[in-house]
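# Summary of the model geometry
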Amino acid sequence: MSVTLHVCITCRAGQTPAEGELAPGARLHAALVEAGVPDDVNLVPVACLSACSQGCSVALSAPGRWSYVYGRLSEANAVDVIAGASAYAAAPDGIVPWRSRPEIFRKQSLARIPPLPVVPEAAE
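Residues numbered from 1 in each chain as written. Predicted model: local features only at pLDDT ≥ 70, side-chain atom pairs only at ≥ 80, totals over all residues. Heavy atoms only, no water.

### Focus: the packing of helix α1 (residues 24–35) against helix α2 (residues 78–90)
Viewed as axis vectors pointing N to C, α1 and α2 meet at an angle of 70 degrees, and their least axial separation amounts to 9 Å. Considering the angle they form, α1 stands roughly perpendicular to α2. In this structure, α1 meets α2 at a crossing whose hand is right-handed. Residues Ala-31, Leu-32 and Ala-35 of α1 pack against Ala-78, Val-81 and Ile-82 of α2. Its residues placed into classes, the contact of α1 with α2 shows six nonpolar, no polar and no charged. (Axes fitted to C-alpha atoms, helices over the stretch in contact; angles between N-to-C directions. Helix = DSSP H or I, 4+ residues; strand = E, 2+ residues; numbered from the N terminus. Parallel < 35°, antiparallel > 145°, perpendicular 65-115°, else oblique. Left-handed = near helix turned anticlockwise from the far one by under 90°. Contact = heavy atoms within 4.5 Å. Nonpolar A, V, L, I, M, F, W, Y, C, P; charged D, E, K, R; others polar.)

### Some remarks on the pattern of salt bridges
Under the criterion given, the structure shown has two salt bridges. Between Arg-27 and Glu-75 there is a salt bridge, and its shortest N-O distance comes to 3.5 Å. Taken together, the residues Arg-27 in helix α1 and Glu-75 in the loop between β4 (67–73) and α2 connect sequence positions 48 residues apart. For Glu-75, a relative accessible area of 34% corresponds to the partly exposed category. Note that Glu-103 is salt-bridged to Lys-107, the shortest N-O span being 2.9 Å. In this pair, Glu-103 and Lys-107 both sit in helix α3 (residues 103–107), four residues apart, roughly one turn of the helix. Accessibility expressed as a relative area gives 47% for Glu-103, which makes it partly exposed. Relative accessible area serves as the criterion here: at 56%, Lys-107 is assigned to the exposed category. (Salt bridge = Lys/Arg side-chain N within 4 Å of Asp/Glu carboxyl O. Buried < 20%, exposed > 50% of the residue type's maximum accessible area, 1.4 Å probe, protein only.)

Pasting the structure below:
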């Protein structure tokens, strides 16, 4: 099952980009694309994750798994974000053992969200 890595491409991380310059969040997304995400990770740019005061942010989610939001990131963290996404993809419930997480995922977690309950489809 594929996991989704959302990247806030509008994050400005407290900066005011010059005219024509990419926002820090867009630079993080570009660095992730350049580094290459694994096949089981779906990289999705989003307009806002509402973590504006926490610098660049990403969110990891998958059906039936815990979801996580991480902040205070930059394009320099792309390799660690990919390592964390890979570890998340390998964890059946989304919970990666603390010591197995990249350091940025240990220290820069903004939120952990429980999985949504599976609701049977309504009978027609």
